[in-house]
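Architecture at a glance
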Amino acid sequence: KSMNFKYNIPSWCKTVPKVEQEDVSYLIAFKNTDNIEYRISAYDKNNLPPNLLKSSDSKKIEETLYMMTYTVAINIAQDDTIKPNIKFFEHNEVKKEFGGDYGTTCFIKGNSDFSKGYTYIIINSIYKKGRGVIFTFILMNDVKKYIADANNEKNDSEYYCVKFN
């Protein structure tokens, strides 16, 4: 409630049971017809690092969000030697597409119970000041097919399935 965000599961997708694992908690998961699974996690302001909440310095906020995304990526990869290529969304884009103030994205190879059955994961983190962080996880095996389908309306509805109000 305090985060005030919504998620939309497209009509052609089906919710799937949560996977028993302890790597990353999540609220809900759904799968599309191409066997790509989307998972959504939400961390309200009570579950965030204090320096993320108290800072008005953009650099410090970005550093903290980066470290949160890095930690989640390492948990899913089960490999603390990897260096995830975490990129920041442009501020105007993250605001327009997700209703957030800051956001990151990265692509990793999974090797955990969280990613079991899938080889690759896209991790997006969206931060809204004073509200919290939403993570979306896109789990897949066929990256080429995902990229080939990336610019269609169905994919957009799945990719942008969460938004802060």
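Structure: above.
Residues numbered from 1 in each chain as written. Predicted model: local features only at pLDDT ≥ 70, side-chain atom pairs only at ≥ 80, totals over all residues. Heavy atoms only, no water.

The next point concerns the overall build of the protein. A count of helices and strands for the protein gives 5 helices and 9 strands. Ordered by position from N to C terminus, the α and β elements of the protein give β-β-β-β-α-α-β-α-β-β-β-α-α-β. Sequence-distant contacts in the protein: of pairs separated by 6 or more residues, those separated by 24 or more amount to 55%. Split by element, the accessible area of the protein, about 9000 Å² in all, is 48% carbon and sulfur. (Helix = DSSP H or I, 4+ residues; strand = E, 2+ residues; numbered from the N terminus. Contact = heavy atoms within 4.5 Å. Areas by Shrake-Rupley, 256 points an atom, 1.4 Å probe, with all protein chains shown as cover.)

Turning our attention to the state of the cysteines. All told, the structure shown has 0 disulfides when counted by the stated rule. Residue Cys13 stays outside any disulfide, its sulfur separated by 8.8 Å from that of Cys161, the closest cysteine. Taking the relative accessible area as the measure of exposure, Cys13 reaches 9% and is therefore buried. Free cysteine Cys106: the closest other cysteine sulfur is in Cys161, separated by 16 Å. Assessed through its relative accessible area of 3%, Cys106 is described here as buried. (Disulfide = S-S within 2.5 Å. Buried < 20%, exposed > 50% of the residue type's maximum accessible area, 1.4 Å probe, protein only.)

What follows is about the pairing of strand S3 (residues 28–31). Relative to S3, strand S2 (residues 14–15) runs antiparallel, the two being bridged by 2 bridges. By the bridge assignment for S3, Lys14 is matched with Lys31. Note: S3 against strand S4 (residues 37–44), 4 bridges, orientation antiparallel. Note on S4: the bridge partner recorded for Phe30 is Tyr38. Linkage of S3 to S4, two consecutive antiparallel strands, is achieved through a turn of 5 residues, within which Asn35 is found at a positive phi near 65°. (Pairing = 2+ DSSP bridges.)

To continue, consider the environment of Phe137. Among the structural elements, Phe137 can be located in strand S8 (residues 132–140). Residue classification places Phe137 among the buried positions, given a relative accessible area of 0%. For the pair Phe137 and Arg39, spaced 98 residues apart in sequence, the C-alpha to C-alpha distance is 5.0 Å. If we skip the residues at most four places from it in the chain, Phe137 touches Val24, Glu37, Tyr38, Arg39, Ser41, Val72, Ile76, Phe114, Ile121, Ile122 and Ile123.

What follows deals with unusual backbone geometry. At Asn35, a position not held by glycine, the phi torsion is positive, near 65°. Structurally, the position occupied by Asn35 is in the loop between S3 and S4. In this structure Asn35 comes out as partly exposed when scored by relative accessible area, which is 39%. Positioned with a positive phi, Gln78 is a non-glycine residue whose angle comes to about 55°. You can see Gln78 is positioned in the loop between helix H2 (58–77) and strand S5 (87–88). Take Gln78: its relative accessible area is 45%, and that puts it in the partly exposed class.

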